[in-house]
Structures are given as C-alpha cells and as structure tokens.
Amino acid sequence: MAPKDKIDPAQTRAAVLAVAEWLRDETVEQPSRHALAAAVRATARTVAQDAPGNSVEVRVPPFVAVQCIEGVRHTRGTPPNVLETSPRQWLLLATGLESLDDAVAAHQVSVSGHRAGDVADYLPVIPLAAVGSSLER
C-alpha cells in the first residue's frame, strides 16, 4: 500500500463505532449501507496495511477484497489462501467480538489454504469492550 493510501486509525475507529451497537445486538436496526461499507473497508484495509503481502486474500463481499501477509505472491485466478465472510461477521472478527476459530467452527467464515488462518494474528483491528461503547485500545 502506498503512503498516500495509509489508513487513518481515527477514521477506522469512527467507522467501527458507527456500527458497534448493531454488532453487539443484531436486533438493533442495521446500519446504513454506507456506514457498513466504511467500517468493513477500513478494517480490512488496516489488516492489509498491518500485514503487507500477497499470500492471503480477505474477501468481504460486496464491499472489499484485500491481499495481505507476506509469502508466495499470487497474481492470477483464485488465490490459494482465502478468507471470505459476510460484512457483519468480518466486523465481529475485526472488533474482537468473535474469534476466527469460533467463526470457522460455526461455518460463518470460509477459509481455504494453509495460510488463511494467519489473518487471526492481525485481529482484532479495533477491539470493542464487552460492555458499553468505549474502546479497550
């Protein structure tokens, strides 16, 4: 990622906080598509920034796909190491409200390839406290 594309942690935090109530309680009205997209894109791009590389692709359709984690470079076709999930599930992982292992076990996240699970080393991106709306970070 070029320096001009650097993700602003304050903007990422604000985007996540805008959807935090819904992440904690799915019965709350779903955030706008714009708010959801902003949070998903910012957190996924933060992982790509924190773990530069091209060996794993994180897919959160319809909002973003990023490549991350050093290793064998992938250039064409379907990458050998993919983590794919829904926007809400991604944000649960990105905030630490759910672990990757638990999400995979519950079939909420699809992982393929031996490196896809390495994404867990870069989660959570913006940890949400278990109670209230404050951040642990």
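Note that the structure is predicted; figures quoted are calculated from it, not measured.

Q: What am I meant to see in the nonpolar core here?
A: Soluble globular proteins tend to bury their nonpolar side chains together. Of all hydrophobic cores here, the largest spans 37 residues; its most connected members are V40, V58, C68, W90, L91 and V119. Those elements giving two or more residues to this core turn out to be α1 (9-24), α2 (33-50), β1 (56-60), β2 (64-68), α3 (87-94) and α4 (100-105). Considering each element in turn, this core owes the most residues, 8 residues, to α2. If we skip the residues at most four places from it in the chain, V119 touches V47, V56, V58, C68, I69, L83 and W90.

Q: Help me understand α1, please; the structure alone is not making it clear to me.
A: An α-helical segment advances 3.6 residues per turn. Residues three or four places apart therefore align on the same side. Compared with the 22 Å implied by 1.5 Å per residue over 16 residues, the 21 Å span of α1 between its first and last C-alpha is a close match. When the local axis directions of α1 are compared, the greatest deviation, roughly 40°, occurs at A18. Those residues of α1 lying buried are T12, A15, V16, V19, A20, W22 and L23. Check the buried side of α1 and you find it contacts α2 and α3.

Q: What is the right way to look at the environment of V19 in this model?
A: Within the secondary structure, V19 sits in helix α1. Taking the C-alpha atoms as reference, V19 lies 6.1 Å from P31; in sequence the two are 12 residues apart. Apart from residues no more than four positions distant in its own chain, V19 is found in contact with P31, A35, L36, A39 and L91.

So, how was this worked out
Residues numbered from 1 in each chain as written. Predicted model: local features only at pLDDT ≥ 70, side-chain atom pairs only at ≥ 80, totals over all residues. Heavy atoms only, no water. Core = buried A, V, L, I, M, F, W, Y, C linked by side-chain atoms within 4.5 Å. Buried < 20%, exposed > 50% of the residue type's maximum accessible area, 1.4 Å probe, protein only. Helix = DSSP H or I, 4+ residues; strand = E, 2+ residues; numbered from the N terminus. Contact = heavy atoms within 4.5 Å. Expected span 1.5 Å × (residues − 1). Bend = angle between axes of the 7 residues up to and from the residue.

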